Amino acid sequence: SACLVGSEMCIRDRYSELKRPRVDVAISATGLYRDAFPNVMLLLAKAIKDIAELKEESNSVYNNAQKLKADLLAKGSTEDDALYLSSVRIFSNESGAYGTGLDGATMASDTWEADDKLADLYMSRMGYAFGADANRWSEKVDAKTVGNLYGQVLSGTDAVIFSRSSNIYGMITSDDPFQYFGGIALAVRNLDGSSPEMYISNLRKVSAMKNETLDKFLGRELRTRTFHPRWIEEMQKEGYSGALQMLDRINNFWGWTVMHPEGVTDAQWQEFADIYVKDKYNMDMREFFEKANPTNLAQMIERMLEAERKDYWETDDATIKELVETYLEVKQQHAVFTENEAFKEY
């Protein structure tokens, strides 16, 4: 690390060892990471700055920094500002703020028609710059003479990488992966018209670390947990808490559906319906929810029907009919309430 941010000669030596062109990388840091590891962020920011100043063959960091600097100057930035901002590659929330806002906004699916509204929310929340000058950290760089710096840095992104080292947490055990990792896919798609490739750096087994595509990693998580009879059986033993876990899984899967539609399938949505509503495994799912929390079943069905209403899921009429009938039965028996007027009308 000391070598990376040290002398120019040392960096050049590292380049000779790479035997490949340098790769320009943008880093999106959560508020927790920002607060816990400011020293690491500063180290990374200084390393990026040093490499962005190296005029060498196939150095995309330098090339992109030069293009960005020219653009900033053309928009009226000062020479010093343009030089500094052109090498910024780390972005996060404003200091003291947490979350992208996509968790709640994505669930409020009646408040948006196209996902560009969600992309704008993500960019506004996560567009604060953290460069090599710690005195300028948490700048919101979207002034008229600069433009949206985070958007300019993200545009052209080919791939996004997110690491997982825990066997406890996956892609849908919480909303964090879709709102941070998935939020980048959403932003890039709205900037460039297509989504980047999405990869998981799977560090769960130290002796066999590997990169996997998101759809492979998520598909395995669904098969071995959310769609697996033994997992469902254990959740049923937990009663109210288990029912809430089931609801959380489908809500977070919905988040991924919106952030990165290419990473999920109609068949996966169909499995949610077949297992939790049609009771594919004969596990008395309706009876379980009646005892544990019938409102959770209604909310799960609402999420399924919202996926169909907003054209994220294509299914057959028989499935829709059963979902609607079950929802109405539960609603009438347990006074289920929803604020989603578009869903109620649908």
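Above this text sits the structure in question.
What counts and what doesn't
Residues numbered from 1 in each chain as written. Predicted model: local features only at pLDDT ≥ 70, side-chain atom pairs only at ≥ 80, totals over all residues. Heavy atoms only, no water. Phe/Tyr/Trp six-rings, centres within 6.5 Å; stacked < 30°, edge-to-face > 60°. Helix = DSSP H or I, 4+ residues; strand = E, 2+ residues; numbered from the N terminus. Lys NZ or Arg CZ within 6 Å of the ring centre and 35° of its normal. Patch = residues over 30% accessible without salt bridge, like charges linked within 9 Å, V, L, I, M, F, W, Y side chains within 5 Å. Areas by Shrake-Rupley, 256 points an atom, 1.4 Å probe, with all protein chains shown as cover. Salt bridge = Lys/Arg side-chain N within 4 Å of Asp/Glu carboxyl O. Buried < 20%, exposed > 50% of the residue type's maximum accessible area, 1.4 Å probe, protein only. Core = buried A, V, L, I, M, F, W, Y, C linked by side-chain atoms within 4.5 Å. Contact = heavy atoms within 4.5 Å.

What follows concerns the packing of aromatic side chains. As enumerated under the stated definition, the model contains 17 aromatic pairs in all. With centroids separated by 6.1 Å and ring planes inclined at 25°, the aromatic side chains of Trp269 and Trp313 adopt a geometry described as stacked. Of the two residues, Trp269 is situated in helix 13 (residues 266–276) and Trp313 in the loop between helix 15 (294–309) and helix 16 (317–334); the sequence distance between them amounts to 44 residues. Grouped by ring-pair contacts, the aromatic residues Trp112, Phe227, Phe253, Trp254, Trp269, Phe272, Tyr276, Tyr312 and Trp313 constitute a single cluster. The ring of Tyr98 carries the charged tip of Arg34 above its face, separated from the ring centre by 5.1 Å. Positioned above the aromatic ring of Trp112 is the side chain of Lys310, whose terminal nitrogen or guanidinium carbon lies 4.2 Å from the ring centre.

Now for a nonpolar patch on the surface. Where nonpolar side chains cluster on the molecular surface, the patch consists of Tyr33, Phe37 and Leu44 and spans about 250 Å² of accessible area. The residue Phe37 is located in the loop between helix 2 (31–36) and helix 3 (38–52) in this model. Under the relative-accessibility criterion, Phe37 is labelled partly exposed at 40%.

This paragraph deals with the nonpolar core. One finds Leu149, Met246, Trp256, Tyr276, Phe289 and Met304 to be the most contacted residues of the largest nonpolar core, which totals 78 residues. Among the elements that take part in this core, helix 12 (residues 240–259) stands out by supplying nine residues, more than any other. Not counting the four nearest positions on each side in its chain, Tyr276 is found in contact with Thr226, Trp231, Ile232, Met246, Glu271, Met285, Phe289, Leu297 and Met300.

Another aspect to go through is the pattern of salt bridges. Tallied over the entire structure, the rule returns 19 salt bridges. A salt bridge links Glu56 to Arg22, with the shortest nitrogen-to-oxygen separation between them at 2.4 Å. Of this pair, Glu56 sits in the loop between helix 3 and helix 4 (60–74) while Arg22 sits in the loop between helix 1 (8–18) and strand 1 (27–28), and the two are 34 residues apart along the sequence. Neither Glu56 nor Arg22 differs from the other in exposure class; each is buried. Within this structure, Asp81, Arg136 and Glu139 form a network of salt bridges that share partners.

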